[in-house]
Amino acid sequence: MILIGMFDSPFVRRVAVSMNLLGVPFEHRNWSVGKDFEKIRQYNPLGRVPTLVLPDGEALIDSAAILDFLDDEAGPQRALVPSTGKDRRDALKIMAVAGGAAEKGVSQVYETVFRPAEKRHEPWTERCRTQMHAALAELERAAQSRAGNWLIGTHMTQADITCTCVFTFLSEALEIKRTGPTYPGLAALAARCEALPEFSSSKAPWFSPDRKS
Ligand SMILES: N[C@@H](CCC(=O)N[C@@H](CS)C(=O)NCC(=O)O)C(=O)O
């Protein structure tokens, strides 16, 4: 399988980490949504990442659909989202809140990357920031209520993976630690996950020790 997209995207990264945890090998195409837009569009009409190309050439798009495919292949015993009941509902809710925080973070990044300074609209960025911090506050409450444990049940689930990929992305791309409230419960969860090889093998360039900024 071929995973398209850079690991600075929390959506790409949660797919990569999930494939690592499930033992599904993949080839990685480190394509940028900016400069490699046309190449990505050959596999995904939206030109977005992640895109997962299966061995028969079928291309799956959107991380939620890709994660659903991976869980389906793994079977209910190994699936990363609990298969039924309250654990499933809770995991899906945490994933939705974390995914929303990531979208609001991505919107803030795109405001500076894709839009010239004179076309930026501060009230829109402020709205995104408010939504992102409200989502993080909710995730922080969940993390603190489960301190030292996984977010759901007794083992790592997609809730932990998604929260970690999103928290790491927001910490690094937007430096939320420097500019906003701190989230010690999420930071502890992320530190625990990021120490695992399944996470560390899919790190974005900003983790590089020689990164200057
Ligand atoms: N809902 C999508 C969101 C993916 C997403 O926002 N990807 C960004 C990179 S982080 C992207 O492709 N941006 C380019 C664009 O939207 O044009 C998913 O979960 O896969």
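Here the residue index of a chain counts from 1 through its sequence in written order. With pLDDT at 70 or above as the cut-off, local features in this predicted model cover only qualifying residues; side-chain atom pairs require 80 or more to be listed or tallied, and sums for whole chains, interfaces and linings still use all residues.

**Some words on the domain arrangement of the protein chain**
Working step 1: Splitting the protein chain by domain gives domain 1 (2-74) and domain 2 (85-203).
Working step 2: Placing the centre of domain 1 and that of domain 2 at their C-alpha centroids yields a distance of 20 Å.
Working step 3: Residues are treated as contacting if the C-beta atoms built from their backbones sit within 7 Å of each other. Contact with domain 1, which involves twelve residues of that partner, is made by 13 residues of domain 2.
Working step 4: Under the DSSP-based scheme used, a helix requires at least four consecutive residues in state H or I and a strand at least two consecutive residues in state E, with every element numbered from the N terminus. Considering each element in turn, the side of domain 1 that touches domain 2 owes the most residues, nine residues, to helix H1 (residues 10-22). An automatic or database domain assignment supplies the residue ranges for each domain.

**A word on the site of the ligand**
Working step 1: Working rule for contacts: place C-beta from the backbone, and if it is within 6 Å of a molecule or strand, that residue counts as near it. Looking at the ligand, the residues that line it are Ser9, Phe11, Val33, Gly47, Arg48, Val49, Pro50, Asp62, Ser63, Ala64 and Val106.
Working step 2: Residue type decides the class: Asp, Glu, Lys and Arg count as charged, Ala, Val, Leu, Ile, Met, Phe, Trp, Tyr, Cys and Pro as nonpolar, and the leftover types, Gly among them, as polar. Taken together, the residues of the shell around the ligand break down into six nonpolar, three polar and two charged.

**Let's talk about the packing of helix H5 (residues 122-145) against helix H8 (residues 184-194)**
Working step 1: Fitted lines through C-alpha atoms give the axes, limited to the stretch in contact for helices. The angle between two N-to-C directions lies from 0 to 180 degrees. Between H5 and H8, the shortest axis-to-axis distance is 7 Å and the interhelical angle comes to 70 degrees. In this view, H5 runs roughly perpendicular relative to H8, as classed from their interaxial angle. Regarding H5 and H8, the two cross each other, and that crossing is left-handed. Taken together, the residues of H8 that come into contact with H5 (itself represented by Leu136, Leu139, Glu140, Ala143 and Gln144) are Gly185, Leu186 and Leu189.
Working step 2: For the contact of H5 with H8, the residue count by class is five nonpolar, two polar and one charged. For classification purposes, an angle smaller than 35 degrees is called roughly parallel, one larger than 145 roughly antiparallel, one from 65 to 115 roughly perpendicular, and anything else oblique. Left-handed describes a crossing whose near helix is turned anticlockwise from the far helix through less than a right angle; right-handed describes the clockwise counterpart.

**Here's the deal with the sheet that holds strand E2 (residues 27-29)**
Working step 1: Spatial strand order, E2-E1-E3-E4: four strands in an open sheet with mixed pairing. At either end of the open sheet lies a strand with only one pairing partner, and these are E2 and strand E4 (59-61). The mean inter-strand angle of the sheet, taken between neighbouring strand axes irrespective of direction, is 20 degrees.
Working step 2: Strands pair, by our definition, only if DSSP identifies at least two bridges between them. As defined by bridge partners, strand E1 (residues 2-4) adjoins strand E3 (residues 51-53) across three bridges and the pair is classed as antiparallel. Directly across from Leu3, in E3, lies its bridge partner Leu52.

**What to know about helix H6 (residues 158-173)**
Working step 1: Multiplying one less than the number of residues by 1.5 Å gives the expected span of a helix. Compared with an ideal rise of 1.5 Å per residue, which puts 16 residues at 22 Å, H6 spans 22 Å between its outermost C-alpha atoms and is within 8% of the ideal.
Working step 2: Within H6, 13 of the 16 residues are buried, which leaves the element mostly enclosed by the surrounding structure.
Working step 3: The first or second residue beyond H6 is Glu175, which carries a positive phi of 50 degrees. To sort residues by exposure, count the other C-beta atoms lying within 10 Å of each residue's C-beta; 20 or more gives buried, 12 or fewer gives exposed, and values between give partly exposed, all with C-beta atoms placed from the backbone.

**What to know about the nonpolar core**
Working step 1: We call a set of buried Ala, Val, Leu, Ile, Met, Phe, Trp, Tyr and Cys residues a nonpolar core when their C-beta atoms link them within 7 Å. Formed by 52 residues in total, the largest nonpolar core has its most connected members in Ile94, Ala98, Ala101, Leu139, Cys163, Val166 and Leu186.
Working step 2: Listing elements by their share of this core, those giving two or more residues are E1, H1, helix H3 (63-74), helix H4 (85-113), H5, H6 and H8.
Working step 3: When sequence neighbours within four positions are dropped, the list of residues in contact with Ala101 reads Met132, Ala135, Leu136, Val166 and Leu170.

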